[in-house]
Amino acid sequence: MHVYCDNDKRIKVFLDFIPDNDIQIYMNAADIIVLPYLDILNSGVAILAMSFGKPVIAPRTGSIPS
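Conventions adopted
All chains use their own residue numbering, which begins from 1 and follows the written sequence. Given that this is a predicted model, residues contribute local features only at a pLDDT of at least 70 and side-chain atom pairs are listed and counted only at 80 or more, while totals for whole chains, interfaces and linings are drawn from all residues. The basis for every side-chain value is the complete set of non-hydrogen atoms in the structure, without hydrogens or water. Secondary structure follows DSSP: runs of H or I at least 4 residues long count as helices, runs of E at least 2 residues long count as strands, and numbering of each begins at the N terminus. Relative accessibility decides the category of a residue: with a 1.4 Å probe and only protein chains considered, values under 20% of the type maximum give buried, values over 50% give exposed, and everything between is partly exposed. Should any heavy atoms of two residues lie within 4.5 Å, those residues are considered in contact. Calculation of accessible area relied on Shrake-Rupley with a 1.4 Å probe; when residues are assessed, cover is drawn exclusively from the protein chains displayed. The definition of a polar contact used here is a pair of N or O atoms within 3.5 Å, where within protein one atom must be able to donate a hydrogen and the other to accept one, and adjacent residues in sequence count solely through side-chain atom pairs. Residues form patches when they are more than 30% accessible in relative terms and have no salt bridge. Like charges link within 9 Å. Nonpolar side chains (Val, Leu, Ile, Met, Phe, Trp, Tyr) link within 5 Å. For this analysis, a salt bridge means a side-chain nitrogen from Lys or Arg found within 4 Å of a carboxyl oxygen belonging to Asp or Glu. Aromatic pairing here means that ring centres of Phe, Tyr or Trp (its six-membered ring) are within 6.5 Å. Orientation follows from the plane angle: under 30 degrees is stacked, over 60 is edge-to-face, and everything else is tilted.

K.L.:
Hey, could you run me through the overall build of the protein chain in this one?
P.N.:
Scanning the protein chain from terminus to terminus reveals 2 helices and 2 strands. The helix and strand sequence of the protein chain, counted from the amino end, reads α-β-α-β. For the protein chain, the proportion of its 66 residues judged to be buried stands at 18%. Put simply, of all contacts in the protein chain between residues at least 6 apart along the chain, 25% involve residues at least 24 apart. Split by element, the accessible area of the protein chain, about 5600 Å² in all, is 57% carbon and sulfur.

Okay, structure coming up:
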C-alpha cells in the first residue's frame, strides 16, 4: 500500500495489527491519532485515543464528536 507521507520523516504510519499489550506503547508515542473511516457509527479506537489524551482526526459521522 502506498502511503503519501513516505518522504516525511516526521510521520510514522503503522498499518499492521497491534497486539493489545503494545497499544499503550503506540498511544503514548503518538502526537495525534488519525482514523480514516469512510463510514462508522462509533469508534472504540477514538475513545481509547481520547482516554490517552490524544487529539483525534476522524470524519464527522455517527457518534464521533465534532
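Now that the structure has been shown, the text picks up again.
K.L.:
I tried to follow the side chain of Ser43 on my own but got confused; where do I start?
P.N.:
Among the secondary structure elements, Ser43 is positioned in the loop between β1 (33-34) and α2 (44-51). A polar atom in the side chain of Ser43 sits 3.3 Å from the backbone nitrogen of Val45. Within polar-contact distance, the side chain of Ser43 engages the backbone nitrogen of Ala46 at 3.0 Å.

K.L.:
I keep staring at a nonpolar patch on the surface and nothing clicks. Help me out?
P.N.:
Taken together, Ile11, Val13 and Leu15 make up a surface patch of nonpolar side chains, about 260 Å² in accessible area. Considering the arrangement of structural elements, one finds Val13 in the segment before α1 (23-29). Here Val13 falls in the partly exposed class, since its relative accessible area comes to 38%.

K.L.:
Teacher, can you tell me more about the packing of aromatic side chains here?
P.N.:
Two numbers describe a pair of aromatic rings. These are the distance of the centres and the angle of the planes. Summed over the entire model, instances satisfying the criterion amount to 1 aromatic pair. With a centroid separation of 4.9 Å and 80° between ring planes, the pair formed by Phe14 and Tyr26 is classed as edge-to-face. On the criterion of sequence distance, the pair formed by Phe14 in the segment before α1 and Tyr26 in helix α1 is long-range, its members being 12 residues apart.

K.L.:
Where do I start with the side chain of Lys54 in this structure?
P.N.:
In this structure, Lys54 sits in the loop between α2 and β2 (56-57). Lys54 has contacts with Met27, Asn28, Ala30, Ile33 and Ala49, leaving out every residue within four places of it along the chain.

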